[in-house]
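# Working through the structure, step by step
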Amino acid sequence: MSETLLANEPAVRLGFFFGIFAFMALWELLWPRRGRGIGRRSRWPGNIAVVVIDTAVLRLLFPTAAVGMALFAESRDLGLLGLLQWPQWGSVVLGVVLLDLAIYLQHVMFHAVPAFWRLHRMHHADLDIDVTTGVRFHPIEILLSMLIKFGVIFMLGPPAASVLIFEVLLNATSMFNHSNAYIPLPVDRVLRWFVVTPDMHRVHHSVEDYETNSNFGFNLPWWDRLFGTYRGQPRAGHDGMTIGLSSFRDEQTCVSIKGMLMIPFRGRSEDYVINRRSHGPPGGAG
Ligand SMILES: [Zn+2]
Ligand SMILES: [Zn+2]
């Protein structure tokens, strides 16, 4: 069973990746949510180059990735979930939910800690947002997330199946919720109680720091509501809002692969992280 899982893991992942990517790319092309500021032609080469680099680096350093770690934990009977003695399907579901909570907390941490924000801000420096933004992460951030995930898997010991389901799901929902796909408002209103929708995650890519520091969830929208980081809509509206970071605006830095890889090493970690604000929320005195 574990051999089959490991052997098929890359194929399952790649299959879902290309399938969902093509589906979302077509959806945004046919029914876009917003008009395009900076088009695909200037942004896509860099965003696609970075996902190729990320995949190569991960495969090179951690060939069996998180599923391998989960199989190891399973074989040694490690982790808190083992103590529960739940039926297999219960542990799989709980494993997916807890991994999602861990990713939410990790995302908050990447915004709060200045050194981590340097890495994560490459994701946010994209000058527009679409399906390719969902896979645009700095290789060092990808490596760091994998190490954190190893730690979480080691402590929780979720079934290997839930790790594979979670990773495929995270990849798919990330492409979905970064996409520029149009979803009718009444549908979005219902959908965002169950999954993070594009309109919900787009708020997180606003140039306004109080909007950037909200909606950290990737799969389940409940964590933001539970922990008080939920924000329904961008103040300027989805068509009026500016995407990106106030201090990274030039195309050379934000969308060329060389510029993107250098973003963690440039300038100060500036005004988005914990306790650093140049201006307060709208109408506030600070
Ligand atoms: Zn973020
Ligand atoms: Zn994002």
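Definitions and cut-offs
- Residues numbered from 1 in each chain as written.
- Chains lettered and ligands numbered in written order.
- Predicted model: local features only at pLDDT ≥ 70, side-chain atom pairs only at ≥ 80, totals over all residues.
- Heavy atoms only, no water.
- 1 Å grid on protein atoms, 1.4 Å probe; cavity = no way out; pocket = protein on both sides within 12 Å on 5 of 7 lines; lining within 4 Å.
- Points joined across faces, edges and corners; volume = space filled by probe spheres on them.
- Helix = DSSP H or I, 4+ residues; strand = E, 2+ residues; numbered from the N terminus.
- Donors = N, O, S within 2.8 Å, 3.2 Å for Na, K, Ca; no water.
- Tetrahedral: all angles 85-135°; square planar, octahedral: opposite > 155°, others 65-115°.
- Buried < 20%, exposed > 50% of the residue type's maximum accessible area, 1.4 Å probe, protein only.
- Nonpolar A, V, L, I, M, F, W, Y, C, P; charged D, E, K, R; others polar.
- Expected span 1.5 Å × (residues − 1).
- Salt bridge = Lys/Arg side-chain N within 4 Å of Asp/Glu carboxyl O.

With that settled, the discussion passes to empty space enclosed by the protein. Inspection of every chain in the model, using the stated rule, returns 1 cavity of 30 Å³ or more. Within this model, the largest cavity holds a volume of roughly 40 Å³. Every residue lining the largest cavity is listed: Leu-99, Ala-102, Ile-103, Gln-106, Ser-145, Ile-148, Lys-149 and Val-152. For the lining of the largest cavity, the secondary-structure elements that each account for two or more residues are helix H5 (88-112) and helix H7 (139-156).

What follows deals with the coordination of the zinc ion (ligand 2). Protein coordination of the zinc ion (ligand 2) is provided by His-123 (NE2), His-178 (NE2), His-201 (NE2) and His-205 (NE2), with donor distances spanning 2.1 to 2.2 Å. Between the 4 donor atoms coordinating the zinc ion (ligand 2), the angles at the centre fall across 86 to 168 degrees, so the site counts as irregular. Spacing between the donor residues of the zinc ion (ligand 2) along their common chain follows H-x54-H-x22-H-x3-H. The metal-metal distance between the zinc ion (ligand 2) and the zinc ion (ligand 1) is 5.2 Å. Pair noted here: His-123 is in helix H6 (residues 114-124) and His-178 is in helix H8 (residues 160-178), with a separation of 55 residues, a long-range link. For the pair His-123 and His-178, one class covers both residues: buried.

Taken as a whole, the largest pocket encloses approximately 1000 Å³ of empty space. Residue lining of the largest pocket: 34 residues in total, with Arg-13, Val-51, Leu-58, Ile-142 and Asn-171 positioned closest to the centre. If you list the elements that add at least two residues to the lining of the largest pocket, you get helix H1 (2-30), helix H2 (40-61), H5, H7 and H8. Of all the elements, H2 adds the most residues to the lining of the largest pocket, at 7 residues. For the lining of the largest pocket, the per-class residue count stands at 20 nonpolar, 8 polar and 6 charged. If you add up the space inside the second largest pocket, you get close to 210 Å³. Forming the boundary of the second largest pocket are 13 residues, of which Glu-74, Gly-82, Ser-91, Gly-157 and Pro-159 lie nearest the centre. Only helix H3 (65-76), helix H4 (81-84) and H5 provide two or more residues apiece to the lining of the second largest pocket. Its residues assigned to classes, the lining of the second largest pocket shows 6 nonpolar, 5 polar and 2 charged.

Below, the discussion takes up H3. Here H3 is 12 residues long and its end C-alpha atoms lie 17 Å apart, about the 16 Å a rise of 1.5 Å per residue gives. Every buried residue of H3 is listed here: Ala-65, Ala-66, Val-67, Gly-68, Met-69, Ala-70, Leu-71 and Ala-73. At the C-terminal side of H3, Asp-77 shows a positive phi close to 60 degrees.

Let us now look at the pattern of salt bridges. For the structure on display, the rule yields 11 salt bridges. Arg-40 serves as the salt-bridge partner of Glu-28, at 3.5 Å between the closest nitrogen and oxygen. In this pair, Glu-28 sits in helix H1 while Arg-40 sits in helix H2, placing the two residues 12 residues apart along the sequence. Between Asp-128 and Arg-34 there is a salt bridge whose closest N-O contact spans 3.3 Å. Remark: Arg-34 occurs in the loop between H1 and H2 and Asp-128 occurs in the loop between H6 and H7; sequence separation between them is 94 residues. By relative accessible area, Asp-128 is classed as buried at 4%.

Attention shifts here to the coordination of the zinc ion (ligand 1). Taken together, the protein ligands of the zinc ion (ligand 1) are His-107 (NE2), His-111 (NE2), His-120 (NE2), His-124 (NE2) and His-204 (NE2), with distances of 2.1 to 2.2 Å. Mapped onto the polypeptide sequence, the residues donating to the zinc ion (ligand 1) form the spacing pattern H-x3-H-x8-H-x3-H-x79-H.

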